[in-house]
Amino acid sequence: MRAKQHEAVLTAAQRPDQLVASRDDRAYWNGEPWFNERTLARVHSAGYADIRPEPWDPGPVTWQQTGRSLFLTPAGREYARQHGASTLGRRRVILIACAQKKAPDPGLNEYGNPRAGYPAGDLYIGQYHRSLRRAADALTDQSLIRIVSALHGLVTLEQPLHPYDVTLGDERAITAEGLAEHTAALGLGDADVIFLGGQAYAALLRPSVPHLFTPLTGDMLAHRSQCKTARESTTLRTIWWQDAARLFAECHREPA
């Protein structure tokens, strides 16, 4: 492999999201390393990076058709491991349940227009959700945390949202089919995934993420206690990720 493609793969291996960044990605605007189209094309053609599907795709699409962001494949991770990234594994994604208690409606501005919503990471203010979020922050990078919204599905912490009153089972609520589109777009078929929350959300996620690891047991008070322990215990966090990797291997019949 040429030096620039080698650099692109190893740089992606150092990112929590394993993105092979281009000038169209957020990495460019953040002043982080990025690579030109020729380098991306060669990394892609070698099988070391690929795109992810989106809900609006009419069928299988290619990177050449879409110009979409590229992420390391298992082959890309293996190449990186062979060239120094010895501990590189699948991405570690945390999903956390949303909550009924939300910040107040921001109302209208002086011109009578709706004010901007809140970043999703700030919208849910209940103690239970905040305990899940603090555990998630201890378990993985914030770029790999998603909130499972009863209305919107999987949302990033930065995604702006207005308060809403929708619970699972409502006519407007997200379905397992809708979540399957979101989990595919996030590439959860190639990630170790821990879900923090109740079983109703886990049941909707599991059809598209059969390797979903759900370590919390008992009632909401017990969940909060377990999340507190996870925040404070490196050992417990390590065990959870080992269990998530083992479950992935069992579901996909490959070594953990």
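A short tour of the structure in this document, coming up. None of these values were measured; they are calculated from a predicted model. (Residues numbered from 1 in each chain as written. Predicted model: local features only at pLDDT ≥ 70, side-chain atom pairs only at ≥ 80, totals over all residues. Heavy atoms only, no water.)

In terms of residue burial, strand β4 (residues 91-97) counts as a mostly covered element, since six of its seven residues are buried. With six bridges connecting them, β4 and strand β9 (residues 191-196) associate as parallel partners. By the bridge assignment, Ile 94 is partnered in β9 with Ile 194. Looking at chain direction, β4 and strand β6 (residues 145-149) are connected through four bridges and run parallel. (Buried < 20%, exposed > 50% of the residue type's maximum accessible area, 1.4 Å probe, protein only. Helix = DSSP H or I, 4+ residues; strand = E, 2+ residues; numbered from the N terminus. Pairing = 2+ DSSP bridges.)

Attention now moves to the layout of surface pockets. One number sums up the size of the largest pocket: a volume of about 920 Å³. If you trace the largest pocket, you find 32 residues lining it, with Phe 71, Ser 143, Arg 146, Thr 156 and Leu 186 closest to the centre. When residues of the lining of the largest pocket are traced back to their parent elements, those giving at least two are α2 (26-29), β6, β7 (153-155) and α8 (176-185). Taken together, the residues of the lining of the largest pocket break down into 13 nonpolar, seven polar and 12 charged. Of the volumes computed, that of the second largest pocket is approximately 590 Å³. Contributing to the lining of the second largest pocket are 25 residues, with Thr 87, Leu 88, Gly 89, Arg 90 and Arg 91 lying nearest its centre. Elements with a minimum of two residues in the lining of the second largest pocket: α5 (74-82), β4 and α11 (234-252). Partitioning the lining of the second largest pocket into residue classes produces 11 nonpolar, five polar and nine charged. (1 Å grid on protein atoms, 1.4 Å probe; cavity = no way out; pocket = protein on both sides within 12 Å on 5 of 7 lines; lining within 4 Å. Points joined across faces, edges and corners; volume = space filled by probe spheres on them. Nonpolar A, V, L, I, M, F, W, Y, C, P; charged D, E, K, R; others polar.)

The subject of this paragraph is the packing of helix α7 (residues 127-139) against helix α10 (residues 220-232). The description of two packed helices rests on the angle between their axes and on the distance between the axes. Their axes nearest at 9 Å, the elements α7 and α10 cross at an angle of 25°. It follows that α7 is roughly parallel to α10 by the angle criterion. In this structure, α7 meets α10 at a crossing whose hand is left-handed. For the pair α7 and α10, the contacting residues are Gln 127, Tyr 128, Ser 131, Leu 132, Arg 134, Ala 135 and Ala 138 in the first and Met 220, His 223, Arg 224, Cys 227 and Arg 231 in the second. Tallied by class, the residues present in the contact of α7 with α10 amount to six nonpolar, three polar and three charged. (Axes fitted to C-alpha atoms, helices over the stretch in contact; angles between N-to-C directions. Parallel < 35°, antiparallel > 145°, perpendicular 65-115°, else oblique. Left-handed = near helix turned anticlockwise from the far one by under 90°. Contact = heavy atoms within 4.5 Å.)

Ranked by internal contacts, the top residues of the largest apolar core, which has 51 residues, are Ile 94, Leu 95, Leu 188, Phe 195 and Leu 196. Setting aside anything within four residues of it in sequence, one finds Phe 195 in contact with Leu 95, Ile 96, Ala 97, Val 148, Tyr 201, Ala 202, Leu 205, Leu 212, Phe 213, Thr 214 and Pro 215. One finds Leu 10, Val 20, Phe 35 and Val 43 within the second-largest nonpolar core, a separate group that totals 18 residues. (Core = buried A, V, L, I, M, F, W, Y, C linked by side-chain atoms within 4.5 Å.)

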